[in-house]
Amino acid sequence: MVRINFSLVMTLMLGLYTTSAPALTVQQFSDICASAPGECSELPVIQAYVGGALDLLATLDEQTEYLETLYCKEPQKLFDVAAIVRFMQQQPEQFANSNAMLLLIRYFEQYGGCEK
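This text gives an overview of the structure that appears in the document. Computed from a predicted model, the values in this text were never measured in an experiment. (Residues numbered from 1 in each chain as written. Predicted model: local features only at pLDDT ≥ 70, side-chain atom pairs only at ≥ 80, totals over all residues. Heavy atoms only, no water.)

Attention now moves to the overall build of the chain. Of regular secondary structure, the chain possesses six helices and zero strands. Written out in order from the N terminus, the α and β elements of the chain read α-α-α-α-α-α. Within the span of the chain, comprising 116 residues, buried residues form 29% of the whole. Counting contacts in the chain only where the partners sit at least 6 residues apart, residues at least 24 apart contribute 66% of the total. Summed over all atoms, the accessible surface of the chain reaches about 8,500 Å², with 55% contributed by carbon and sulfur. (Helix = DSSP H or I, 4+ residues; strand = E, 2+ residues; numbered from the N terminus. Buried < 20%, exposed > 50% of the residue type's maximum accessible area, 1.4 Å probe, protein only. Contact = heavy atoms within 4.5 Å. Areas by Shrake-Rupley, 256 points an atom, 1.4 Å probe, with all protein chains shown as cover.)

See below:
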């Protein structure tokens, strides 16, 4: 009798299963915020979305000089999820079909404290 390794089977099955995860648009971000019963920044999904991006930025900042001109203020002062979400919510409708992460970058360009 042949014994099948469960981990191997699951790995192969996951390899065959591919999904496409499109980027969250500004409009979708706004729709999520509009559906919030309270503050948008208090929604766990929004906290995870913005927090994940901030985590990535902090990691890139530690590992590379790539973000050197994106923000110059201390991350503890700048990485304020509520302030970032408010900024993202206040953007014009012209960005509705853009990737919502671009607004996060715009936030850092505007409030990052780097001299231009």
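Turning our eyes to something else, we now look at a negative patch on the surface. A surface patch of negative charge is lined by Asp61, Glu62, Glu65 and Glu68. When you line up the elements, Glu62 lands in helix α3 (residues 44-63). (Patch = residues over 30% accessible without salt bridge, like charges linked within 9 Å, V, L, I, M, F, W, Y side chains within 5 Å. Salt bridge = Lys/Arg side-chain N within 4 Å of Asp/Glu carboxyl O. Lys, Arg positive; Asp, Glu negative; His and termini not counted. Charge placed at Lys NZ, Arg CZ, Asp CG, Glu CD.)

Among all positions of helix α5 (residues 81-89), only Ala83, Ile84, Val85, Phe87 and Met88 are buried. Residues of α5 that are buried sit in contact with α2 (26-34), α3, α4 (75-78) and α6 (101-111).

Attention now goes to α3. Note on helix geometry: an α-helix contains 3.6 residues per turn, so any two residues three or four positions apart are oriented the same way. The end-to-end C-alpha distance of α3 is 28 Å, a good match for the 28 Å that 20 residues give at a rise of 1.5 Å each. Among the residues of α3, those classed as buried are Ile46, Val50, Ala53, Leu54 and Leu57. Buried residues of α3, seen end-on, are gathered within an arc of 95 degrees and therefore sit on one face of the element. With respect to the buried face of α3, the exposed residues turned more than 90 degrees away are Pro44, Val45, Ala48, Asp55, Leu56, Glu62 and Gln63. Buried positions along α3 lie against α2, α5 and α6. (Expected span 1.5 Å × (residues − 1). Arc of directions from axis to C-beta.)

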